[in-house]
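Notes for the structure review
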Amino acid sequence: MTVFSTESFADHEQVVFISDDRVGLRAIIAVHSTKLGPALGGCRMYPYADEASALRDVLRLSRGMTFKAAAAGLGLGGGKSVILGDPRKSKTPDLLRAMGVAVNRLGGRYITAEDVGTTVDDFAWVRQSTRHVVGLPEALGGTGDPSPTTALGVYHGIVAGVAHRLGRDLCGLTVAVQGLGNVGWSLCRLLAEAGAHLVVCDIDPVLAGKAAAEFGAKIVEPDAIYAVQADVFAPCAMGAVVNDKTLPQMRFRVIAGGANNQLARDEHGRQLREREILYAPDFVINAGGLIRVASEHEGFNRAKVDSQVEGIGATLRRIFELADREGTPTQSAAMRLVQERLGGSGKPGGTATSTGNTNERPLAERVA
């Protein structure tokens, strides 16, 4: 396994490998950029096939967090961490405390939070070893589960995409939702309330059945979701779902969902444009949870956060219009916005203290 020659390395500032045999911890922390502020990103626990898969995932995710924070106008950089292991079998308080120790050693350059395979409650254990944690349970002064806010941002993004491509609202449209975890489930609720018809899939048939009962959703097998007749496809599970195999099956007008890294390759963004499928770049549309947890340092204000999350729709409208004017994929237009906010080059680097962050102190200090 190599690091520097890995395609996803992409000028990361720091990659840390952690091992604690005492508690069975094997983990990687990737800090992509601290140019706009300390790197914030969740801690994912997943039974990766091998170390190379874990490295590739954490590098792609941390880079995406840089873009997400910049596109959302936050004074934060991008980072991510992954724990190698099955969260249903290997997650223990001792392992989580040890992960907190690893985060603490970085001195605030990286701030962690919940992600796939970890929960808000898990971070009560992480918090025992480090103050560089956000998205804590409300009992510990945090904002609790950020996934409903992520879903709200995705909802506003879908509204913007449908208005831009179809010139209408959601009532009567069909939306295919892939994945019924916390984000996907909350999104289904918002879409149903707006009058959309739902087609859903999930690897857990029980969850799919609940969606059918509660939202009147039609259930399809996970592999069949790409070919369903729907106006909108909302990926809310794992990444790389737009790929060489799935893209030829797609007849959607809009792709807008909460999953990270939805395009397997940049080339797929160009192919979506050629097929006249409007793509809402994932690192823009799914920033709601990041906006929410980043608000903890100044006192959580739901109305203010919801207003900022609603602004995701306005940001996407700007991106869609820019892509149309220039004849470019929406992903490229979104990167133009990120490059503007990163200082023109779009490259990471620098430190949290030499940035355009308008906050008086870095978030790492304020959460401490």
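The rules we used
Residues numbered from 1 in each chain as written. Predicted model: local features only at pLDDT ≥ 70, side-chain atom pairs only at ≥ 80, totals over all residues. Heavy atoms only, no water. UniProt positions renumbered as here; feature names shortened; annotations may be inferred. Helix = DSSP H or I, 4+ residues; strand = E, 2+ residues; numbered from the N terminus. Buried < 20%, exposed > 50% of the residue type's maximum accessible area, 1.4 Å probe, protein only. Contact = heavy atoms within 4.5 Å. Phe/Tyr/Trp six-rings, centres within 6.5 Å; stacked < 30°, edge-to-face > 60°. Pairing = 2+ DSSP bridges. Right-handed = clockwise from strand over helix to strand, strands pointing away.

The name recorded for the protein chain in an unreviewed UniProt entry is Amino acid dehydrogenase, from Variovorax guangxiensis. Taken from UniProt, the Sequence similarities (unreviewed entry) comment for the protein chain reads in full: "Belongs to the Glu/Leu/Phe/Val dehydrogenases family."

Quick word on the side chain of His-268
Mapped onto the secondary structure, His-268 falls in helix α7 (residues 266-274). Given the relative accessible area of 0%, His-268 is considered buried. Every residue in contact with His-268, bar those within four places of it in the chain, is listed here: Val-242, Asn-243, Asp-244, Leu-247 and Leu-263.

Description of the environment of Val-228
Topologically, Val-228 is positioned in the loop between β9 (218-219) and β10 (232-235). By relative accessible area, Val-228 is classed as buried at 12%. As for Val-228 and Ala-213, which are separated by 15 residues in sequence, their C-alpha atoms are 20 Å apart. Other than its neighbours up to four places away in sequence, Val-228 contacts Ala-176, Val-199, Val-220 and Phe-252.

Here we look at the UniProt feature "binding site: NAD(+)" (unreviewed entry) in the protein chain
The sites that UniProt annotates as "binding site: NAD(+)" (unreviewed entry) are Gly-179, Leu-180, Gly-181, Asn-182, Val-183 and Gly-184. With respect to the helices, strands and loops of the structure, Gly-181 is situated in the loop between β7 (174-178) and α5 (182-193). Gly-181 sits in the partly exposed class, given a relative accessible area of 38%. The exposure class of Val-183 is buried, given its relative accessible area of 19%.

With respect to the packing of aromatic side chains
Under the counting rule described, the total for this entry stands at six aromatic pairs. Judged by centre distance (4.9 Å) and plane angle (55°), the ring pair of Trp-185 and Phe-215 falls under tilted. Taken as a pair, Trp-185 in helix α5 and Phe-215 in helix α6 (residues 205-215) lie far apart in primary sequence, 30 residues in all. Classification of Trp-185 by relative accessible area gives buried; the value is 18%. Note on Tyr-226 and Phe-233: the rings are 5.9 Å apart at their centroids and 75° apart in plane angle, and the pair reads as edge-to-face. Judged by relative accessible area, Tyr-226 falls into the buried class, the value being 11%.

A look at the pairing of β7
Side chains on a regular strand alternate between the two faces of the sheet. Counting buried positions over the five residues of β7 gives five, a clear majority of the element. Side chains of β7 alternate between two faces, with Thr-174, Ala-176 and Gln-178 and Val-175 and Val-177 buried alike. Pairing analysis gives five bridges linking β7 to strand β8 (residues 197-201), with the strands arranged parallel. The partner of Val-175 across the bridge, within β8, is Leu-198. Since β7 and β8 lie parallel, the crossover through α5 that links them has a hand, and here it is right-handed. Pairing analysis gives four bridges linking β7 to β10, with the strands arranged parallel. Considered in β10, the bridge of Ala-176 is made with Phe-233.

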